[in-house]
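Structural characterization, general
The lines below spell out each chain.
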Amino acid sequence: MRITIFGTGYVGLVTGTCLADVGHDVMCMDVDEAKIERLAHGEVPIFEPGLEAMVSANVAAGRLRFTTDPLEAVAFGTLQFIAVGTPPDEDGSADLQYVLAVAETIGQHMNDYKVVVDKSTVPVGTADRVHATVSAALAGRGAEIEFDVCSNPEFLKEGAAIDDFTHGARIVLGTDSERVKQLMRECYGPYIRLHDKLMFMDVRAAELTKYAANAMLATKISFMNEVANLAERLGADVEQVRRGIGSDPRIGYQFIYPGCGYGGSCFPKDVQALARTALEVEYQPELLTAVEAVNQRQKQTLFHKLAQAFDGDLKGLTIAVWGLSFKPNTDDMRDAPSRTLMESLWQAGARVQAFDPEAMKECRRLYGERDDLVLVADRIQAVKGADALVICTEWKDFRAVDFAWLKSQLASPVVVDGRNLYEPEAVREAGLLYYAVGRGDSLGCWGRSSPSSAANEGHHSNLDS
């Protein structure tokens, strides 16, 4: 098939590349000339495992091409995928200006039948607006050309997007047109030979499915963080609780790992957008509001634990940060807990010494050159001479540590683990103060004493005992 993808961001590029990889002819269109030039030479501007090699291979094979010309893009494919951004507006609702701009472009330039496929994450009712926009553009030309609009939301995890696209659990398609169903079967045919994963449903149901899925996963994360905060106050170990409830097949182990909050391009934006949609139909989304509130509070937990360790005075301290991206295997720092931490530290007068395997360039783009931010080459340089270590992202590089070595590198033996990577007993034996998330009275090396008193006592003796 000949397929056009509008947008070469995360969703558009992965979608276009994976479709080209199974033999379709794909053209990706973007208004960013510099990005298109790089992509045409096989250079990928985002980090996603395996994507750059796949782009290069399909460009070389002639199945994947890139353009900035909207006329060429509209003329190319029968299927016109819209995969542009839908950033949150000031009120939390999804901003559809880019989606509707593409719809207008298609209507202005199409000369034969097209299926407009909404791949972007969009609110319920967007397909109707896309249809109206294309119709208006056609009417403005005095043209009567048949077209259909289909909802096909993406379910891609950053860091595992290629596997999610090629081996995902389902392919959701919102349409009531038999013609569209046949075309979409042809599009996804190579991925459903062993198991028919196509799920056809009403357009509005498909649009809501995407938001509901992300909101459910975000709810599990916020719920577990709420339990972790409670466990911390009750002297229970949330990791034991997690194993206990996760063993129930009705609950499962996925998305019940406590930590320092969720981030990225999807969960924060989609929870807010769904809540805004609810308000627009005069429904109070109490659970969604709570999920977002818990997450915002959880992102402050790392800073609060540091402040607790140093008796509230962080001015002049150097804090090592391991991990800047919102999750491993991506360079994405959108709404990352690390950003909340660093900005709070700077406001308190502290200095940050950070390392991330992939997100260093993105961090520099976001914050520029500043005296209170030093980006270093590896985790060893990050902790050297620092007053404390904070772990924001569970990269595999950070999972195995010689705690005796770590204590020797830190000016003060304080570790704040926002991802519960280590066993508290092992950290305690090395003489480190260990602040995890929801680990009860095993939270530090002070035995049964209170966290604040032990941390304060250590602070007054330079925390070197």
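Bear in mind the structure is a predicted one, so any value in this text is a computation, not a measurement. (Residues numbered from 1 in each chain as written. Predicted model: local features only at pLDDT ≥ 70, side-chain atom pairs only at ≥ 80, totals over all residues. Heavy atoms only, no water.)

**Examining unusual backbone geometry**
Most peptide bonds are trans, and most residues other than glycine sit at a negative phi. Our working rule: Going along the chain from the N terminus, every DSSP run of H or I of four or more residues is numbered as a helix, and every run of E of two or more is numbered as a strand. When a residue's accessible area, from a 1.4 Å probe over protein chains only, is under 20% of the maximum for its type it is buried; when over 50% it is exposed; and in between it is partly exposed.
Positive phi outside glycine occurs at phenylalanine 255, with the angle close to 65 degrees. We note that aspartate 311 has phi near 55 degrees; this positive angle belongs to a residue other than glycine. One can find aspartate 311 in the loop between helix H13 (301-309) and strand E9 (318-322). What makes aspartate 311 partly exposed here is its relative accessible area of 45%.

**Thoughts on the packing of aromatic side chains**
Worth spelling out the cut-off: In this scheme Phe, Tyr and Trp rings, the latter by its six-membered ring, pair at centre separations within 6.5 Å, and the angle between planes marks the pair as stacked below 30 degrees, edge-to-face above 60, and tilted otherwise. A positively charged side chain is recorded as over a ring if its NZ (Lys) or CZ (Arg) lies within 6 Å of the ring centre. The angle to the ring normal must also be within 35 degrees.
Tallying each qualifying case throughout the model produces nine aromatic pairs. When the ring of tyrosine 262 is compared with that of phenylalanine 267, the centres are 5.8 Å apart and the planes differ by 80 degrees; the resulting orientation is edge-to-face. Looking at phenylalanine 267, the relative accessible area reads 13%, which means it is buried. For the ring pair phenylalanine 403 and tyrosine 422, a centre distance of 5.1 Å and an interplane angle of 75 degrees mean the geometry is edge-to-face. Here tyrosine 422 lies in the loop between strand E13 (414-417) and helix H18 (424-429) and phenylalanine 403 lies in helix H17 (residues 403-409), a separation of 19 residues in the sequence. Looking at phenylalanine 403, the relative accessible area reads 14%, which means it is buried. The ring of tryptophan 346 is capped by arginine 370, whose NZ or CZ atom sits 3.7 Å from the centre of that ring.

**Re the pattern of salt bridges**
Our working definition: Basic side-chain nitrogens of Lys or Arg form a salt bridge, by our definition, when they fall within 4 Å of a carboxyl oxygen of Asp or Glu.
Overall, the coordinates contain 23 salt bridges when judged by the stated rule. Residue arginine 185 pairs with aspartate 196 through a salt bridge whose shortest N-O separation is 3.0 Å. In this pair, arginine 185 sits in helix H8 (residues 178-188) while aspartate 196 sits in the loop between H8 and strand E8 (198-201), placing the two residues 11 residues apart along the sequence. Judged by its relative accessible area of 33%, arginine 185 falls in the partly exposed class. With a shortest N-O distance of 4.0 Å, glutamate 280 and arginine 276 are connected by a salt bridge. You can see glutamate 280 and its partner arginine 276 sitting in helix H11 (residues 267-280), four residues apart, about one turn around the helix. A relative accessible area of 53% means that glutamate 280 is categorised as exposed.

**Quick notes on the nonpolar core**
Across soluble globular proteins, you tend to see nonpolar side chains buried next to one another. Just so we agree on the cut-off: As used in this record, nonpolar core signifies buried Ala, Val, Leu, Ile, Met, Phe, Trp, Tyr and Cys residues forming a set joined through side-chain atoms within 4.5 Å. Contact between two residues is taken to exist if any of their heavy atoms lie within 4.5 Å; hydrogens are not considered.
One finds Leu306 and Leu324 to be the most contacted residues of the largest nonpolar core, which totals 57 residues. Examining the composition of this core, we find that five residues originate from one element, H13, more than from any other. Residues within four places of leucine 306 in sequence aside, it is in contact with Leu314, Ile319, Leu341, Leu345, Ala388, Val390 and Val416. In this structure, Leu19, Val26, Leu79 and Ala161 belong to the second largest nonpolar core, which totals 40 residues.

**Re the pairing of strand E7 (residues 171-174)**
Spelled out, the test is: Strand pairing is assigned whenever DSSP detects at least two bridges linking the two strands.
Side-chain alternation along E7 places Ile171 and Leu173 on one buried face and Val172 and Gly174 on a second face that is also buried. Sheet analysis places E7 next to E8, joined by four bridges and oriented parallel. By the bridge assignment, leucine 173 is partnered in E8 with phenylalanine 200.

**Quick word on helix H5 (residues 97-109)**
This is how it is decided: Helix span is expected to be 1.5 Å times the residue number reduced by one.
Here H5 is 13 residues long and its end C-alpha atoms lie 18 Å apart, about the 18 Å a rise of 1.5 Å per residue gives. Three or more residues of H5 are buried, namely Val99, Leu100, Val102, Ala103, Thr105, Ile106 and Gly107. Turning to H5, the residues buried within the fold contact strand E1 (2-6), helix H4 (70-76), strand E4 (79-82), strand E5 (114-118) and helix H6 (126-141).

**Structural notes on the side chain of glutamate 239**
Test applied: Within 3.5 Å is the distance limit for a polar contact, defined as a pair of N or O atoms, with the added protein rule that one can donate a hydrogen and the other accept it, and that residues adjacent in sequence qualify only through two side-chain atoms.
Positionally, glutamate 239 belongs in helix H10 (residues 238-246). Taking relative accessible area as the criterion, glutamate 239 reaches 9% and is therefore assigned buried. Polar side-chain contacts of glutamate 239 include one of 3.2 Å to the side chain of asparagine 420. Contact partners of glutamate 239, with chain neighbours within four places excluded, come to Pro258, Asn420 and Arg439.

**Things to note about the pairing of strand E6 (residues 147-151)**
Burial of E6 is extensive: five of the five residues sit out of reach of the surface. The alternating pattern of E6 places Phe147, Val149 and Ser151 and Asp148 and Cys150 on opposite faces, both of which are buried. As paired elements, E5 and E6 share five bridges and run parallel to each other. The partner of valine 115 across the bridge, within E6, is aspartate 148.

**Observations regarding the packing of helix H9 (residues 203-234) against H11**
Each pair of packed helices gets described by two things: the angle between the helix axes and the distance between those axes. The test is simple: Every axis in this analysis is a line fitted to C-alpha atoms, fitted for helices over the stretch in contact. Angles between the N-to-C directions lie between 0 and 180 degrees. Angular relationships are summarised with four words: roughly parallel below 35 degrees, roughly antiparallel beyond 145, roughly perpendicular across 65 to 115, and oblique for the angles in between. Crossing handedness is defined as follows: a turn of the near helix away from the far one that is anticlockwise and smaller than a right angle gives a left-handed crossing, while the clockwise case is right-handed. Three categories are distinguished: nonpolar for Ala, Val, Leu, Ile, Met, Phe, Trp, Tyr, Cys and Pro, charged for Asp, Glu, Lys and Arg, and polar for the others, with Gly belonging to the last.
Relative orientation of the contacting elements H9 and H11 amounts to 115 degrees, with a least axis distance of 9 Å. Regarding the angle of H9 to H11, the classification is roughly perpendicular. Handedness of the H9/H11 crossing: left-handed. Here Leu208, Lys210, Tyr211, Ala212, Asn214, Ala215, Leu217, Ala218 and Ile221 of H9 come into contact with H11, specifically with Phe267, Asp270, Val271, Ala273 and Leu274. Of the residues in the contact of H9 with H11, the class split is 11 nonpolar, one polar and two charged.

**Comments concerning the environment of aspartate 378**
Tracing the backbone through its elements, the reader meets aspartate 378 in the loop between strand E11 (373-375) and helix H16 (379-383). Aspartate 378 sits in the partly exposed class, given a relative accessible area of 28%. For the pair aspartate 378 and aspartate 397, spaced 19 residues apart in sequence, the C-alpha to C-alpha distance is 9.7 Å. A polar atom in the side chain of aspartate 378 sits 2.8 Å from the backbone nitrogen of glutamine 381.

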